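# Descriptive structure summary
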Amino acid sequence: QVQLVESGGGLVQAGGSLRLSCAASGRTFSRYAMGWFRQAPGKAREFVAAISRSGGTTAYANSVKGRFTISRDNARNTVYLQMNSLKPEDTAVYYCAARGSTYYSTALYDYDYWGQGTQVTVSS
């Protein structure tokens, strides 16, 4: 069992930056690949970024590539999402998720545990 708690969301102007954190409970964090997803009002939840267990491999949605960076600190049981050059279309609730596998996935249904989400609002 893994419990995930996101933080770091807020209101920011377009072009600004935010760093989201996701803290995981338990001593087995390093056994999980991690992902970030987001859900805008009236839209389906979508993949944003993912990282392998070791942190050596990452993946990004085309819409955030070059602007967002996912990283993890296994000693701190935390995964991060650095978001730069934010756009109004990045406004959404952001969720982190854990997958009991070495390899990440871009598919929601591959993830076993989810956090409660943190709101990111980007004003124009």
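Nothing here was measured: the structure is a model prediction, and the numbers come from that model.

What counts as what
Here, residues in each chain are numbered from 1, in the same order as that chain's written sequence. In keeping with the model being predicted, local features are shown solely for residues with a pLDDT of at least 70 and side-chain atom pairs are shown and tallied solely at 80 or more, while totals for entire chains, interfaces and linings include all residues. Calculated side-chain values reflect all of the structure's heavy atoms, with hydrogen atoms and water omitted. Only strands joined by at least two bridges in the DSSP assignment are considered to pair. Elements are defined by DSSP. Helices are runs of H or I of four residues or more, strands are runs of E of two residues or more, and each kind is numbered from the N terminus. Axis angles are defined between N-to-C directions and span 0 to 180 degrees, where every axis is a line fitted to C-alpha atoms and, for a helix, only to the segment in contact. In this scheme Phe, Tyr and Trp rings, the latter by its six-membered ring, pair at centre separations within 6.5 Å, and the angle between planes marks the pair as stacked below 30 degrees, edge-to-face above 60, and tilted otherwise. Any residue under 20% of the maximum accessible area for its type is buried, any over 50% is exposed, and the rest in between are partly exposed; the area is computed with a 1.4 Å probe on protein chains only. Think of it as a cone above the ring: NZ of Lys or CZ of Arg counts as a charge over the ring if it is within 6 Å of the ring centre and within 35 degrees of the ring normal. Cysteine sulfurs are considered disulfide-paired once they come within 2.5 Å of each other.

### Description of the sheet that holds strand 8 (residues 78–83)
Strand order in the open sheet made by the 4 strands is 1-3-8-7, with antiparallel pairing throughout. The open sheet has two edge strands, strand 1 (4–7) and strand 7 (68–73), and neither has a second partner. Neighbouring strand axes in the sheet, compared pairwise and without regard to direction, differ in orientation by 15° on average. Relative to strand 8, strand 3 (residues 18–24) runs antiparallel, the two sharing 6 bridges. Looking at the pairing, Ser21 lines up with Tyr80 of strand 8.

### Some words on the packing of aromatic side chains
Summed over all chains, the structure comprises 5 aromatic pairs. Ring geometry for Phe37 against Phe47: centres 5.8 Å apart, planes inclined by 70°, an arrangement best described as edge-to-face. Of the two residues, Phe37 is situated in strand 4 (residues 33–39) and Phe47 in strand 5 (residues 46–51); the sequence distance between them amounts to 10 residues. Accessibility expressed as a relative area gives 14% for Phe47, which makes it buried. Between Arg45 and the ring centre of Tyr95, over which it is positioned, the NZ or CZ distance is 3.6 Å. Directly above the ring of Trp114 sits Arg45, whose terminal nitrogen or CZ lies 5.0 Å from the centroid.

### Things to note about the state of the cysteines
As used here, a disulfide is simply a covalent bond connecting the sulfur atoms of two cysteines. Evaluated as defined, the whole model comprises 1 disulfide. The partner cysteine of Cys22 in its disulfide is Cys96, sulfur to sulfur 1.9 Å. Of note, the bridge from Cys22 to Cys96 carries an S-S torsion of about 45° and is right-handed in sense. Here the residue Cys22 occupies a position in strand 3, and Cys96 occupies one in strand 9 (residues 92–99), the gap between them amounting to 74 residues. Classification of Cys22 by relative accessible area gives buried; the value is 0%.

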